[in-house]
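Structure at a glance
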Amino acid sequence: MDFLRRLENERLVFDGAMGTMLQDELAPGELPELLNLKNPNKVLNIHNAYLRAGCHILKTNTFGANRLALSDSGFSVNQVVIEAVALAKKAAGGADAFVALDIGPTGRLLAPFGDLDFEEAVDIFSEMIRAGAQAGAGLVLIETMNDTYEIKAAMLAAKENCNLPLLVTFTPDSSGRLLNGADIQTAVCLIESLGACALGFNCGFGPEQLKSLLPELIRHSSIPIIVSPNAGMPERINGKTQYHLPPEGFASEMAELAGEAQIIGGCCGTSPEHIAAVVRACKNIAHSPVTQKNVTAVCSYGETVVFGGKTVIIGERLNPTGKPRMKKALYDGDMDFLYREGLEQVEHGAQILDVNVGLPDIDEEHLLARLVCGLQSVTRAALQIDTANAAAAKRALRLYNGKPLLNSVSGKKESLETILPLVKKYGAAVIALCLDDDGIPETIEGRIQIAEKIIAAAAARGIHKKNIIVDALTMTISTGGGNARITLDTVEYLRRKLGVHTVLGVSNVSFGLPGRENINAAFFSLAMRAGLSAGIVNPMNSAIMDAVYVYQALSGADENCAGYIARFSSQDQAFSAAPAALPAAKNAAQEVSLQDAIVRGLKEQAAKTANAMSADTPAMEIINAHLIPALDKAGKDFESQKTFLPQLLMSAEAAKAAFEALALRMSKQGGVQKKRGKIVLATVKGDVHDIGKNIVKILLENYNFQVIDLGKNVEPSLVLETVLKENITLAGLSALMTTTVVYMEETIKLLKEKAPNCRIMAGGAVLTESYANKIGADYYSKDAISAVRYAEETLLPAAKFEEK
């Protein structure tokens, strides 16, 4: 029986941890994957032990077998992966088991927030997957992911290099969010859109901690669920990292989760004994069937927009048609202008931004991708990729971080043949225009027939109807008195009878007429009454947005009229400006303060504004009165989860641009900017993962601390030597791997003995506060901003900038 059929009919069991079982064979920091070649019998014996325990799926010993990790090992990716698959297949040969090619994260943060290019990440994963598929793996497991963009890179690599069933697990924090701020719903939206056959949680926590997160996963998932937690939380016992749940305790807690999961297993700290206990404890527990949620949704990297509740607002202003200033910005490459236009729309209520750069004599493929990626660096809003250029659509869909909305496909033969394959490959939702090679039908029936034609063509390519949002097409009433009624009746049929969601470009209805806002608002209200799911509108137009809030209050969609009251209760609300005042308001919005530029992550604007301010304001005054307060606001927004890591990093980059502009001015004037203190950072010996350390470095530097970055895989003696030589009073240590914590402890012990005046903050995925305390750290840094706060507390009794 093949894997997918078995998954439909029974609960399957993964093996447990490979690294835990190999820990005694490894020198601290040694890569477990190298034992495939150095000690293959040990790896084979572990596979056999898990099979005897009753597991159905063996994970190959390839979690970190990517070229970044193996670069100094003397072995190639092909060598390590092919041997790993061979060992797992040898063990599974006599058993009724599957071999999953195990792929973990690269250990690097992807651009624009890190330094790893998306296409390079795809290539890194592709190399592993080609080797694994060639060697005969039966499944691909992408696991322990905490960044949606890296998930997408790995999933595309799998789709482009094999036809194997694809499973994906991710590792949220205690609040249910990934490193980049994605919630569980958003992770599910992305993973399902790209064609995984199962998804779920692994690592990070024990079963008890995952219990509170599982209901949210179940609520949103329409595919089988995987639960592979750790054996509790890590502890330091007799110099070794151990997990506190014994086999029976782990199995008891897993039994409470098993009824909701179609695949169960174990991660860090679990052994064959743990898996055997789980098999015994769960064998008579029936699991719930998978339920199809049939939700139409798109997402960015950080949040999901669902169609079918309140009317979705799609901001229309990032389109050069009829906008001379925007045309100029596109031709000039003035990206900050475009970013500000997008941010203003989001601040005025847009949930999705339409992005269109179509102009004559412009490289649309390059510019659309650049703008899509740039917008995603400053806003969490979802994007609608709006282009008639198939090559531009392909590039933008590929680079978009999330599940995109593509505008559009039509009933034209060429459109169906070129656009639908892109929709399928990149997991997009798509707007379907009710026009074909004969043009736009003048009748309701004609438009419905085209919609049905597109839906059928999409279904033939494996695209579900829930991913089709139909545009019935708004025609101006100035050329035909029945045009609005035809559109409204078509919308109602599509929503009520055909069961698809709908969208309209609302303002087209009033083209060529005076008082357009009155017509647009009334038409929008009628369309919502007819069942319109989303409107492509100008969210900065108060008449349009007022219509939305009024309709939602009248229709009962706005519970207790809370949204209506919030909008209209105060004359100071930004949305309550009269339509006549809108042009001035929009122009004013283009000029932002230095603090706003930094908080929004607008690098070019921050540098430009700082430079202009320094013409008549001392640089140090600008730093103390504007820059640091802006960074503090960005930090507080992050701490309160108003924003997340991507916004924090872009704020830091904008502050850096402003700092550099001011530093240049100061150097010309003979001034010197005094640093706030020196800090040593290092990823400890044996550990090649430095995402966390690099994020901390970025923020510390932008708070004007001098950071001495010793890099990764750093000897304890080098940390000590640097601390003594530079008279350092604060050091930060990072570790991701359980096998390298021994070196963190050794480094801390050495510093305590030889440099007692140096305080030590420790962080990393493997650490908890109690664990950090146990190995002697002075402070546990749960995230980058907490490291900054501790640095300020430790090094800055009077946290102000001074000038020499």
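Computed from a prediction, not measured in an experiment: that's the story for all the values here.

1. Examining unusual backbone geometry
- Residue Pro112 follows Ala111 across a cis peptide bond; omega there is 10°.
- In this structure, Pro112 sits in the loop between β3 (98-103) and α7 (118-135).
- Notably, Asn713 is not glycine yet its phi reads approximately 55°, a positive angle.
- In this structure, Asn713 sits in the loop between β22 (706-709) and α30 (716-726).

2. Observations regarding the sheet that holds β22
- In space, the five strands of this open sheet follow the order β22-β21-β23-β24-β25, with parallel pairing throughout. Each edge of the open sheet is held by one strand with a lone partner, namely β22 and β25 (779-780).
- In terms of strand pairing, strand β23 (residues 730-734) meets strand β24 (residues 759-763) through five bridges, oriented parallel. Looking across to β24, one finds that Ser734 is bridged to Gly763.

3. Focus: the side chain of Gln605
- You can see Gln605 is positioned in helix α26 (residues 603-613).
- Among the polar contacts listed, one links the side chain of Gln605 to the side chain of Arg340, at a separation of 2.6 Å.
- The contacts of Gln605, once residues within four sequence positions are left out, are Asp336, Arg340, Val592 and Ala597.

4. Details of the packing of aromatic side chains
- The tally for this structure, following the rule as stated, stands at six aromatic pairs.
- Pairing Phe170 with Phe201 gives two aromatic rings, centres 5.4 Å apart and planes at 85°, and the pair type is edge-to-face. With Phe170 in strand β5 (residues 166-170) and Phe201 in strand β6 (residues 198-202), this pair connects stretches of sequence that are 31 residues apart.
- In this structure Phe201 comes out as buried when scored by relative accessible area, which is 0%.
- Between Tyr779 and Tyr790, the ring centres sit 4.3 Å apart and the planes meet at 0°, which makes this aromatic pair stacked.

5. Comments concerning the confidence of the model for the protein
- Taken as a whole, the protein shows an average pLDDT of 92; of its residues, 95% reach a score of 70 or greater.
- Segment residues 571-590: pLDDT under 50, and 26 contacts once partners within four positions in sequence are set aside and those in other chains are kept.
- Below pLDDT 50 for its whole length, residues 798-804 participates in 19 contacts with residues either more than four positions away or in separate chains.

6. What about a nonpolar patch on the surface?
- Taken together, the side chains of Val550, Leu554, Tyr564 and Ile565 make up a nonpolar region of the molecular surface, amounting to roughly 380 Å² of accessible area.
- Elements with a minimum of two residues in the nonpolar patch: α22 (542-555) and α23 (562-568).
- Mapped onto the elements of the fold, Ile565 is located in helix α23.
- Overall, Ile565 belongs to the partly exposed group, its relative accessible area being 48%.

Rules used in this analysis
- Residues numbered from 1 in each chain as written.
- Predicted model: local features only at pLDDT ≥ 70, side-chain atom pairs only at ≥ 80, totals over all residues.
- Heavy atoms only, no water.
- Helix = DSSP H or I, 4+ residues; strand = E, 2+ residues; numbered from the N terminus.
- Pairing = 2+ DSSP bridges.
- Polar contact = N/O pair within 3.5 Å; in protein donor to acceptor, adjacent residues only side chain to side chain.
- Contact = heavy atoms within 4.5 Å.
- Phe/Tyr/Trp six-rings, centres within 6.5 Å; stacked < 30°, edge-to-face > 60°.
- Buried < 20%, exposed > 50% of the residue type's maximum accessible area, 1.4 Å probe, protein only.
- pLDDT = per-residue confidence, 0-100.
- Patch = residues over 30% accessible without salt bridge, like charges linked within 9 Å, V, L, I, M, F, W, Y side chains within 5 Å.
- Areas by Shrake-Rupley, 256 points an atom, 1.4 Å probe, with all protein chains shown as cover.
- Salt bridge = Lys/Arg side-chain N within 4 Å of Asp/Glu carboxyl O.

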